[in-house]
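Here's the letter readout for the chains.
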Amino acid sequence: MNPFQNYWMEGDSLAPPCQAEMDVVDHILEASGVSYADHLIDLGCGDGRIALRAASRFGCTSTGVELESTLCATFNRYIALGKFGDRVTCIEGDLREVDVTSATIVITYLLPNAMAEISDTLIQVLARGGTVVCNTWGIVKLDEDGRVKSIKSTIGNTNVFVYKDHDGLLTNDESEKT
């Protein structure tokens, strides 16, 4: 019997079957440089803890994208309980199909195969001047070609990768592929 059967779709999972611990959430948000002016999108948000924490601590608007309906229901309850109004939104759907053009910061905690699938989308965010923060697994495509280096930090046994195109090495062509 698989104890994660309700959370882990064998062969079809995009994200690990667990949430980031709150100390990791805080580290991710601090590393992202999030502020009131940002719109943060958390791809594969689970129960929404990163989006909720970003809105409550930093005052930004946040959107969480999650495929699992039970996790979306939990996230929506937290939104209502926290009285976030229109500052926090939950999108129930496939993170590979979500428009992220409004994001100034994108957060991921996705498995390597999912990171590879959405790497072009994340590169487009960077080309528009945004920031991408990855929990545990980074953007291999960028790490391999060297145009944008990640800043890696560790909290406990969790690696956090922050990507920002400080030198403008990504082209406008890449930002227009959306």
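Residues numbered from 1 in each chain as written. Predicted model: local features only at pLDDT ≥ 70, side-chain atom pairs only at ≥ 80, totals over all residues. Heavy atoms only, no water.

Participant: Let's hear about the overall build of the protein chain: which residues, and what values?
Facilitator: In terms of helices and strands, the protein chain carries six helices and seven strands. Ordered by position from N to C terminus, the α and β elements of the protein chain give α-β-α-β-α-β-β-α-β-α-β-β-α. Per-residue burial over the protein chain gives 48% buried out of 178 residues. Residue pairs at least 24 apart in sequence account for 63% of intrachain contacts in the protein chain once pairs closer than 6 positions are excluded. Accessible surface for the protein chain amounts to roughly 8,900 Å². Of this, 50% is attributable to carbon and sulfur atoms. (Helix = DSSP H or I, 4+ residues; strand = E, 2+ residues; numbered from the N terminus. Buried < 20%, exposed > 50% of the residue type's maximum accessible area, 1.4 Å probe, protein only. Contact = heavy atoms within 4.5 Å. Areas by Shrake-Rupley, 256 points an atom, 1.4 Å probe, with all protein chains shown as cover.)

Participant: Could you give an account of the packing of aromatic side chains, naming the residues involved and the relevant values?
Facilitator: As enumerated under the stated definition, the model contains one aromatic pair in all. Summarising the aromatic geometry, the rings of Tyr109 and Trp137 are spaced 6.4 Å apart at their centres and angled 15° between planes, so their arrangement reads as stacked. Placement of the pair is Tyr109 in the loop between strand S4 (105–108) and helix H4 (112–127) and Trp137 in the loop between strand S5 (131–135) and helix H5 (140–145), with a sequence separation of 28 residues. Its relative accessible area of 28% is what places Trp137 among the partly exposed residues. (Phe/Tyr/Trp six-rings, centres within 6.5 Å; stacked < 30°, edge-to-face > 60°.)

Participant: How would you sum up the packing of helix H1 (residues 22–32) against helix H2 (residues 49–58)? Please name residues and give values.
Facilitator: H2 packs onto H1 with a crossing angle of 60° between their chain directions and a minimal axis gap of 10 Å. Compared by their axis directions, H1 and H2 come out oblique. The handedness of the crossing between H1 and H2 comes out as right-handed. Contact residues: Met22, Val25, Asp26, Ile28, Leu29 and Glu30 in H1; Arg49, Ile50, Arg53, Ala54, Arg57 and Phe58 in H2. Considering only residue class, the contact of H1 with H2 consists of seven nonpolar, no polar and five charged. (Axes fitted to C-alpha atoms, helices over the stretch in contact; angles between N-to-C directions. Parallel < 35°, antiparallel > 145°, perpendicular 65-115°, else oblique. Left-handed = near helix turned anticlockwise from the far one by under 90°. Nonpolar A, V, L, I, M, F, W, Y, C, P; charged D, E, K, R; others polar.)

Participant: Break down the confidence of the model for the protein chain for me, with residues and values.
Facilitator: Overall, the prediction assigns the protein chain a mean pLDDT of 89, with 89% of residues at 70 or greater. Segment residues 1–10 is flagged for pLDDT under 50; beyond a separation of four residues in sequence, or across chains, it makes 11 contacts in the model. (pLDDT = per-residue confidence, 0-100.)

Participant: Which residues make up the sheet that holds strand S6 (residues 150–155), and what are the values?
Facilitator: Reading across the sheet, the seven strands line up as S3-S2-S1-S4-S5-S7-S6 and stay open at both edges, with mixed pairing between neighbours. Looking along the sheet, the strands with just one partner apiece sit at the ends: strand S3 (88–92) and S6. The average angle at which neighbouring strand axes cross in this sheet is 15°, direction not considered. As defined by bridge partners, S5 adjoins strand S7 (residues 158–164) across five bridges and the pair is classed as antiparallel. By the bridge assignment for S7, Cys134 is matched with Phe161. Running over the sheet, helix H3 (residues 69–82) touches strand S2 (61–66) and S3 and is turned about 165° from S3. (Pairing = 2+ DSSP bridges.)

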